Amino acid sequence: MAHERGSDFDLIARNFEQAAATYEQEALVQNAMGSELIAVLARTLKEQGQDLGALTGLSALEIGCGPGNFTQLLLTSVPGLKRLVLNDLSSRLVEQAKTRVSAQGSCCALETYVGNLATAAAPDFAPCDLIISNATLQWLSDLDAALPRFQALARPHGLLVYSSFLEGTFAELTELLGHSLNYLSADAARACLERHCEVLHFCTKTVVQHFDTSFHLLRHFRDTGVNSLRSEPLSVGQMRRLMLRYEQRYSDAYGAIPLTWQPYFVVARWR
């Protein structure tokens, strides 16, 4: 059984800052998740007799904006948003996201908040109609404890829309390292949500990404900031042995190295 470990948020912030220049090009899974999240939101609104235009004039909070990849997509897809609060652990990334979306000429009023909204004291910005996050909430050690804090930042009956990852993500590394982040099962994630929200849409999928060598896989982790599974770095020798075991155990008939992701997508309404 894999040991579950909490997140070192200072380490996470540093790693994502270092990957800011390469994240957009390399974060293929996360970028695809962002597009799918917008599509899921559009389909769910349609089922409710609305469309993305129903969000016109509303305010939104993006948790974990990073360098602004998803932020840009959000404002392109929902150009009628009136106000957007950009949140991240890193002030550098918040400013980068703000600069990026400001340059695209959006009329949306931008605010920023740096810090961990799952643990921080109540921030002073006004409540939002939409709380949205792409490929970020997996870093939280206790989603059930975080949701009431997020709800306190929302208007009554506002929307919670996010994508994240379930157990089975990085299954190959989890088996070799013997530990992982505190990924939830699909049933546990849904049960957690239902304690706080009306779940309008919940879906999962499996994505297997392939790399030419274990070196390319490691470089991908570095270039996307997703290298915070251990707060204590492996030595060069330990890393070489780990990657050799990875290749020997998991490479396919063509020598490709797989990496498994288990994303899920949520549209919910706060009770």
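Residues numbered from 1 in each chain as written. Predicted model: local features only at pLDDT ≥ 70, side-chain atom pairs only at ≥ 80, totals over all residues. Heavy atoms only, no water.

Novice: Outline the sheet that holds strand β8 (residues 197-204), supporting the account with residue identities and numerical values.
Specialist: Sheet architecture is open: seven strands sit in the order β4-β3-β2-β5-β6-β11-β8, paired in mixed fashion. Each edge of the sheet is formed by a strand with only one pairing partner; in this case those strands are β4 (109-114) and β8. Strand-to-strand, the axes of this sheet are offset by a mean angle of 15°, without reference to chain direction. Pairing analysis gives seven bridges linking strand β6 (residues 154-165) to strand β11 (residues 263-270), with the strands arranged antiparallel. (Pairing = 2+ DSSP bridges. Helix = DSSP H or I, 4+ residues; strand = E, 2+ residues; numbered from the N terminus. Axes fitted to C-alpha atoms, helices over the stretch in contact; angles between N-to-C directions.)

Novice: Just give me the short version of unusual backbone geometry, but keep the residues and values in it.
Specialist: In this structure, A135 takes a positive phi of about 55° despite not being glycine. Locating A135 in the fold gives a position in the loop between β5 (128-134) and α6 (143-151). Positive phi, normally seen in glycine, also occurs at H157, with a value near 65°. Among the secondary structure elements, H157 is positioned in strand β6. Take H157: its relative accessible area is 54%, and that puts it in the exposed class. (Buried < 20%, exposed > 50% of the residue type's maximum accessible area, 1.4 Å probe, protein only.)

Novice: Describe the packing of helix α9 (residues 214-224) against helix α10 (residues 236-250), naming the residues involved and giving the relevant values.
Specialist: Where α9 contacts α10, the two axes come as close as 9 Å, and the packing angle between them is 120°. For the element pair α9 / α10, the angle class is oblique. Read as a crossing pair, α9 and α10 show a hand that is right-handed. Contact with α9, carried on its side by S214, L217 and L218, involves M239, M243, Y246 and E247 of α10 and no other residues of that element. The class makeup of the residues in the contact of α9 with α10 is five nonpolar, one polar and one charged. (Parallel < 35°, antiparallel > 145°, perpendicular 65-115°, else oblique. Left-handed = near helix turned anticlockwise from the far one by under 90°. Contact = heavy atoms within 4.5 Å. Nonpolar A, V, L, I, M, F, W, Y, C, P; charged D, E, K, R; others polar.)

Novice: With reference to specific residues and values, describe helix α5 (residues 91-103).
Specialist: Taking 1.5 Å per residue as the helical rise, α5 with its 13 residues ought to reach 18 Å, and the 18 Å between its terminal C-alpha atoms agrees with that figure. Every buried residue of α5 is listed here: L93, V94, A97, R100 and V101. Viewed along the axis of α5, the buried residues span an arc of 130°, placing them on a single side of the element. Set apart from the buried face of α5 by more than 90 degrees, the exposed residues are R92, T99 and A103. Of the surrounding secondary structure, the elements contacted by the buried residues of α5 are α1 (9-18), α2 (20-26), α4 (69-77), β3 (83-88) and β4. Its side-chain oxygen 3.3 Å from the backbone nitrogen of R92, S90 forms the N-cap of α5. Directly after α5, the chain includes G105, whose backbone phi takes a positive value near 80°. (Expected span 1.5 Å × (residues − 1). Arc of directions from axis to C-beta. Polar contact = N/O pair within 3.5 Å; in protein donor to acceptor, adjacent residues only side chain to side chain.)

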